[in-house]
Amino acid sequence: MEHPGAEAPEVQAHARHGVAVAVLVWAVTAAAVVATVVATKHWWLPPVASTQGMAIDRLFLVVFSIISVVFVLVHLLLGFTAMRFRQTSAAQRAAHWHENRRLEAGWTIATAGILIVLTIFGGSLWLQVHGSPPSGAMTVEVVAQQFGWQFHYPGPDGVLAPVDLTRDSFRSPLGIQRAERGAADDVITNELHLVVNRPVRLLIRSKDVIHSFYVPHFRFKQDAVPGRVTQVWFTPTRTGTYPIACAELCGVGHFVMASTLKVETPDQFEAWMASPGTR
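Keep in mind that what you see is a predicted model, and the values were worked out from it rather than measured. (Residues numbered from 1 in each chain as written. Predicted model: local features only at pLDDT ≥ 70, side-chain atom pairs only at ≥ 80, totals over all residues. Heavy atoms only, no water.)

### Topic: the pairing of strand β2 (residues 148-153)
Within a regular strand, side chains alternate between the sheet's two faces. The cut-off we apply is this: Exposure categories follow from relative accessible area, calculated using a 1.4 Å probe and restricted to protein chains: below 20% of the type maximum is buried, above 50% is exposed, and the middle band is partly exposed. The secondary structure listing takes helices from DSSP runs of H or I that are at least 4 residues long and strands from runs of E that are at least 2 residues long, numbered from the N terminus. In this scheme, strands are said to pair when DSSP sees at least two bridges between them.
The element β2 is extensively covered by neighbouring structure, given that six of its six residues are classed as buried. Of the two faces of β2, the one lined by Gly 148, Gln 150 and His 152 and the one lined by Trp 149, Phe 151 and Tyr 153 are each fully buried. The sheet contact formed by strand β1 (residues 138-145) and β2 spans five bridges and is antiparallel. Looking at the pairing, Glu 141 lines up with His 152 of β2. Where β1 hands over to β2, the hairpin turn is made up of two residues, counted between the paired strands.

This is the structure:
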(Lines give C-alpha, C1' and ligand atoms only; values in the text may rest on other atoms or scores of the structure.)
Protein backbone atom coordinates (compact mmCIF):
# COMPACT_ATOMS: atom_id res chain seq x y z
CA MET A 1 0.00 0.00 0.00
CA GLU A 2 1.40 3.45 -1.05
CA HIS A 3 2.10 5.95 1.74
CA PRO A 4 -0.23 9.02 1.55
CA GLY A 5 2.71 11.48 1.39
CA ALA A 6 4.70 9.52 -1.17
CA GLU A 7 4.86 10.78 -4.77
CA ALA A 8 4.94 8.60 -7.85
CA PRO A 9 8.41 7.52 -9.05
CA GLU A 10 7.96 9.59 -12.23
CA VAL A 11 7.32 12.76 -10.19
CA GLN A 12 10.33 12.06 -7.99
CA ALA A 13 12.44 11.61 -11.12
CA HIS A 14 11.27 14.99 -12.48
CA ALA A 15 12.12 16.66 -9.17
CA ARG A 16 15.64 15.17 -9.19
CA HIS A 17 16.04 16.21 -12.82
CA GLY A 18 15.16 19.80 -11.97
CA VAL A 19 17.73 19.90 -9.18
CA ALA A 20 20.38 18.34 -11.43
CA VAL A 21 19.76 20.90 -14.17
CA ALA A 22 19.99 23.79 -11.70
CA VAL A 23 23.22 22.49 -10.16
CA LEU A 24 24.72 21.89 -13.63
CA VAL A 25 23.87 25.43 -14.82
CA TRP A 26 25.34 27.00 -11.67
CA ALA A 27 28.46 24.80 -11.92
CA VAL A 28 29.04 25.80 -15.54
CA THR A 29 28.57 29.47 -14.61
CA ALA A 30 31.03 29.19 -11.73
CA ALA A 31 33.54 27.37 -13.97
CA ALA A 32 33.24 30.11 -16.61
CA VAL A 33 33.88 32.82 -14.02
CA VAL A 34 36.90 30.99 -12.56
CA ALA A 35 38.29 30.28 -16.06
CA THR A 36 37.93 33.94 -16.99
CA VAL A 37 39.74 35.09 -13.84
CA VAL A 38 42.56 32.60 -14.47
CA ALA A 39 42.77 33.64 -18.13
CA THR A 40 43.18 37.29 -17.18
CA LYS A 41 46.23 36.30 -15.11
CA HIS A 42 47.98 34.28 -17.84
CA TRP A 43 46.53 34.86 -21.32
CA TRP A 44 45.26 38.41 -21.27
CA LEU A 45 46.10 41.12 -23.78
CA PRO A 46 49.78 42.12 -24.14
CA PRO A 47 50.83 45.44 -22.58
CA VAL A 48 49.38 48.32 -24.58
CA ALA A 49 51.89 50.61 -26.33
CA SER A 50 49.85 53.32 -28.08
CA THR A 51 47.45 56.10 -27.13
CA GLN A 52 44.69 54.69 -29.32
CA GLY A 53 45.31 51.23 -27.87
CA MET A 54 44.46 52.57 -24.40
CA ALA A 55 41.12 53.90 -25.66
CA ILE A 56 40.40 50.60 -27.42
CA ASP A 57 41.20 48.70 -24.21
CA ARG A 58 38.77 50.87 -22.21
CA LEU A 59 36.00 50.23 -24.73
CA PHE A 60 36.80 46.51 -24.78
CA LEU A 61 36.64 46.31 -20.97
CA VAL A 62 33.27 48.08 -20.93
CA VAL A 63 31.84 45.65 -23.51
CA PHE A 64 33.40 42.65 -21.77
CA SER A 65 32.03 43.75 -18.37
CA ILE A 66 28.50 44.19 -19.73
CA ILE A 67 28.58 40.79 -21.45
CA SER A 68 29.98 39.11 -18.32
CA VAL A 69 27.32 40.58 -16.01
CA VAL A 70 24.51 39.61 -18.39
CA PHE A 71 25.94 36.10 -18.80
CA VAL A 72 26.14 35.50 -15.04
CA LEU A 73 22.72 36.96 -14.27
CA VAL A 74 20.97 35.01 -17.04
CA HIS A 75 22.48 31.70 -15.96
CA LEU A 76 21.85 32.28 -12.26
CA LEU A 77 18.21 33.01 -13.11
CA LEU A 78 18.05 29.96 -15.36
CA GLY A 79 19.30 27.71 -12.55
CA PHE A 80 16.94 29.31 -10.05
CA THR A 81 14.00 28.74 -12.40
CA ALA A 82 14.89 25.07 -12.90
CA MET A 83 15.17 24.59 -9.12
CA ARG A 84 12.23 26.69 -7.95
CA PHE A 85 9.66 25.54 -10.49
CA ARG A 86 10.58 21.88 -10.84
CA GLN A 87 7.71 19.37 -10.56
CA THR A 88 7.41 18.14 -6.93
CA SER A 89 3.92 16.62 -6.92
CA ALA A 90 1.51 14.94 -9.30
CA ALA A 91 -0.90 17.87 -9.01
CA GLN A 92 1.72 20.42 -9.98
CA ARG A 93 1.84 21.42 -13.62
CA ALA A 94 3.97 23.95 -15.40
CA ALA A 95 2.25 27.24 -16.21
CA HIS A 96 2.68 28.74 -19.69
CA TRP A 97 1.95 32.15 -21.12
CA HIS A 98 2.55 33.40 -24.60
CA GLU A 99 3.73 36.94 -24.07
CA ASN A 100 4.41 39.73 -21.62
CA ARG A 101 4.56 42.94 -23.60
CA ARG A 102 5.91 45.08 -20.76
CA LEU A 103 8.73 42.64 -20.05
CA GLU A 104 9.57 42.23 -23.75
CA ALA A 105 9.50 45.99 -24.33
CA GLY A 106 11.68 46.52 -21.26
CA TRP A 107 14.52 44.22 -22.24
CA THR A 108 14.32 45.28 -25.91
CA ILE A 109 14.65 48.98 -25.05
CA ALA A 110 17.41 48.33 -22.51
CA THR A 111 19.38 46.19 -24.99
CA ALA A 112 18.92 48.72 -27.79
CA GLY A 113 20.03 51.56 -25.51
CA ILE A 114 23.22 49.75 -24.52
CA LEU A 115 24.04 48.88 -28.14
CA ILE A 116 23.44 52.46 -29.31
CA VAL A 117 25.79 53.86 -26.65
CA LEU A 118 28.48 51.30 -27.49
CA THR A 119 28.09 52.01 -31.21
CA ILE A 120 28.54 55.74 -30.62
CA PHE A 121 31.71 55.22 -28.57
CA GLY A 122 33.09 52.61 -30.99
CA GLY A 123 32.27 54.69 -34.06
CA SER A 124 33.90 57.78 -32.55
CA LEU A 125 37.08 55.84 -31.87
CA TRP A 126 37.06 54.38 -35.40
CA LEU A 127 36.64 57.85 -36.91
CA GLN A 128 39.49 59.17 -34.77
CA VAL A 129 41.90 56.45 -35.93
CA HIS A 130 40.90 56.89 -39.59
CA GLY A 131 40.69 60.69 -39.48
CA SER A 132 43.30 63.35 -40.10
CA PRO A 133 46.47 62.99 -38.02
CA PRO A 134 47.80 65.92 -35.97
CA SER A 135 50.39 68.22 -37.50
CA GLY A 136 53.92 66.93 -37.27
CA ALA A 137 52.90 63.32 -37.72
CA MET A 138 55.41 61.06 -39.43
CA THR A 139 54.24 59.45 -42.66
CA VAL A 140 55.14 55.88 -43.58
CA GLU A 141 53.78 53.86 -46.45
CA VAL A 142 53.10 50.18 -45.70
CA VAL A 143 53.07 47.80 -48.66
CA ALA A 144 51.96 44.19 -48.21
CA GLN A 145 52.65 41.38 -50.65
CA GLN A 146 52.88 37.61 -50.45
CA PHE A 147 54.58 37.07 -48.00
CA GLY A 148 56.21 40.08 -46.43
CA TRP A 149 55.98 43.76 -45.54
CA GLN A 150 57.82 46.77 -46.93
CA PHE A 151 57.92 50.21 -45.31
CA HIS A 152 58.50 53.36 -47.36
CA TYR A 153 59.85 56.51 -45.65
CA PRO A 154 60.03 59.92 -47.33
CA GLY A 155 63.60 60.63 -46.21
CA PRO A 156 65.03 63.97 -44.96
CA ASP A 157 63.19 66.08 -47.58
CA GLY A 158 59.81 64.91 -46.25
CA VAL A 159 58.54 64.15 -49.77
CA LEU A 160 57.11 60.67 -50.30
CA ALA A 161 57.80 59.62 -53.87
CA PRO A 162 54.87 58.03 -55.77
CA VAL A 163 54.64 54.23 -55.73
CA ASP A 164 53.86 52.22 -58.87
CA LEU A 165 53.45 48.59 -57.85
CA THR A 166 53.04 47.50 -61.48
CA ARG A 167 56.70 48.44 -62.01
CA ASP A 168 57.97 46.87 -58.79
CA SER A 169 61.28 45.07 -59.39
CA PHE A 170 64.61 44.28 -57.77
CA ARG A 171 66.18 47.37 -59.35
CA SER A 172 63.17 49.56 -58.62
CA PRO A 173 61.53 48.53 -55.31
CA LEU A 174 57.85 49.51 -55.16
CA GLY A 175 58.23 50.92 -58.68
CA ILE A 176 59.81 54.12 -57.36
CA GLN A 177 61.80 56.00 -59.98
CA ARG A 178 64.79 57.55 -58.23
CA ALA A 179 65.00 60.33 -60.80
CA GLU A 180 61.60 61.67 -59.80
CA ARG A 181 61.20 64.57 -57.42
CA GLY A 182 61.70 63.57 -53.80
CA ALA A 183 62.61 59.97 -54.61
CA ALA A 184 66.38 60.14 -54.24
CA ASP A 185 66.41 60.06 -50.44
CA ASP A 186 63.40 57.78 -49.90
CA VAL A 187 64.02 54.78 -47.66
CA ILE A 188 62.48 51.32 -48.13
CA THR A 189 62.97 48.72 -45.41
CA ASN A 190 61.52 45.45 -44.18
CA GLU A 191 61.33 46.70 -40.60
CA LEU A 192 59.12 49.48 -39.24
CA HIS A 193 60.83 52.09 -37.02
CA LEU A 194 58.82 54.78 -35.21
CA VAL A 195 59.52 57.55 -32.71
CA VAL A 196 58.01 57.34 -29.23
CA ASN A 197 55.24 59.87 -28.51
CA ARG A 198 55.28 61.11 -32.12
CA PRO A 199 52.06 60.48 -34.09
CA VAL A 200 52.51 58.41 -37.23
CA ARG A 201 50.31 58.27 -40.29
CA LEU A 202 50.32 54.94 -42.14
CA LEU A 203 49.30 54.62 -45.78
CA ILE A 204 48.48 50.94 -46.16
CA ARG A 205 48.19 49.20 -49.52
CA SER A 206 48.60 45.72 -51.00
CA LYS A 207 50.36 44.57 -54.13
CA ASP A 208 48.47 41.32 -54.69
CA VAL A 209 45.76 39.95 -52.36
CA ILE A 210 44.03 41.15 -49.20
CA HIS A 211 46.32 41.20 -46.17
CA SER A 212 45.81 42.62 -42.68
CA PHE A 213 48.42 44.71 -40.89
CA TYR A 214 48.25 43.63 -37.25
CA VAL A 215 50.21 44.91 -34.24
CA PRO A 216 48.76 43.33 -31.06
CA HIS A 217 50.54 45.69 -28.62
CA PHE A 218 48.97 48.67 -30.40
CA ARG A 219 45.50 47.02 -30.62
CA PHE A 220 45.81 47.85 -34.30
CA LYS A 221 44.56 45.80 -37.23
CA GLN A 222 43.82 47.18 -40.68
CA ASP A 223 43.18 45.38 -43.96
CA ALA A 224 45.51 46.07 -46.89
CA VAL A 225 43.35 45.94 -50.02
CA PRO A 226 44.72 45.84 -53.59
CA GLY A 227 43.97 49.04 -55.51
CA ARG A 228 43.17 51.00 -52.37
CA VAL A 229 45.22 53.16 -49.99
CA THR A 230 43.93 53.18 -46.39
CA GLN A 231 45.06 55.94 -44.05
CA VAL A 232 45.24 55.42 -40.29
CA TRP A 233 47.21 57.05 -37.52
CA PHE A 234 48.24 56.40 -33.94
CA THR A 235 50.82 57.48 -31.37
CA PRO A 236 53.36 55.02 -29.90
CA THR A 237 53.81 55.54 -26.16
CA ARG A 238 56.45 52.98 -25.18
CA THR A 239 59.87 52.22 -26.62
CA GLY A 240 60.51 48.59 -27.46
CA THR A 241 60.26 45.94 -30.12
CA TYR A 242 56.86 44.60 -31.14
CA PRO A 243 55.77 41.89 -33.59
CA ILE A 244 53.87 42.62 -36.79
CA ALA A 245 51.71 39.89 -38.27
CA CYS A 246 49.30 39.38 -41.13
CA ALA A 247 45.83 38.69 -39.70
CA GLU A 248 44.27 37.70 -43.02
CA LEU A 249 44.79 34.25 -44.56
CA CYS A 250 46.65 35.33 -47.70
CA GLY A 251 48.13 32.14 -49.17
CA VAL A 252 50.31 29.13 -48.45
CA GLY A 253 53.03 31.30 -46.91
CA HIS A 254 50.69 33.29 -44.68
CA PHE A 255 52.30 31.91 -41.52
CA VAL A 256 55.70 33.44 -42.37
CA MET A 257 54.35 36.89 -43.20
CA ALA A 258 55.72 38.77 -40.21
CA SER A 259 57.94 41.71 -39.40
CA THR A 260 59.10 43.86 -36.48
CA LEU A 261 58.10 47.29 -35.24
CA LYS A 262 60.69 49.20 -33.21
CA VAL A 263 59.68 52.26 -31.20
CA GLU A 264 62.74 54.39 -30.45
CA THR A 265 63.80 57.73 -29.04
CA PRO A 266 64.27 60.55 -31.60
CA ASP A 267 68.07 60.18 -31.45
CA GLN A 268 67.90 56.41 -31.97
CA PHE A 269 65.55 56.87 -34.91
CA GLU A 270 67.76 59.48 -36.57
CA ALA A 271 70.79 57.23 -36.09
CA TRP A 272 68.94 54.32 -37.67
CA MET A 273 67.74 56.45 -40.57
CA ALA A 274 71.28 57.69 -41.24
CA SER A 275 72.98 54.29 -40.91
CA PRO A 276 74.48 52.76 -44.08
CA GLY A 277 72.46 49.60 -43.59
CA THR A 278 69.20 51.50 -43.93
CA ARG A 279 70.06 53.16 -47.24
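### Observations regarding the packing of aromatic side chains
Put simply, the rule reads: Pairing of aromatic side chains requires ring centres within 6.5 Å, counting the rings of Phe and Tyr and the six-membered ring of Trp. Pairs whose planes differ by under 30 degrees are stacked, by over 60 edge-to-face, and all others tilted.
Following the criterion strictly, the structure yields 12 aromatic pairs and no others. With centroids separated by 5.9 Å and ring planes inclined at 50 degrees, the aromatic side chains of Trp 44 and Phe 60 adopt a geometry described as tilted. One end of the pair, Trp 44, is in the loop between α1 (9-42) and α2 (51-84); the other, Phe 60, is in helix α2, with 16 residues separating them in the sequence. Residues Phe 60 and Phe 64 carry aromatic rings whose centres are separated by 5.9 Å and whose planes lie at 20 degrees to one another, so their mutual orientation is stacked. Of the two residues, Phe 60 and Phe 64 both sit in helix α2, four residues apart, roughly one turn of that helix. Among the aromatic residues, ring-to-ring pairing joins Trp 149, Phe 151, Phe 213, Phe 218, Phe 220, Phe 234 and Tyr 242 into one connected group.

### Notes on the UniProt feature "transmembrane region" (unreviewed entry) in the protein
Where we set the bar: UniProt positions are given in the numbering used here, feature names are shortened, and annotations may be inferred rather than shown by experiment.
The feature "transmembrane region" (unreviewed entry), as annotated in UniProt, sits at residues 19-39, 59-85 and 105-127 in this numbering. A distance of 39 Å separates the end C-alpha atoms of residues 59-85, which is 96% helix and 0% strand.

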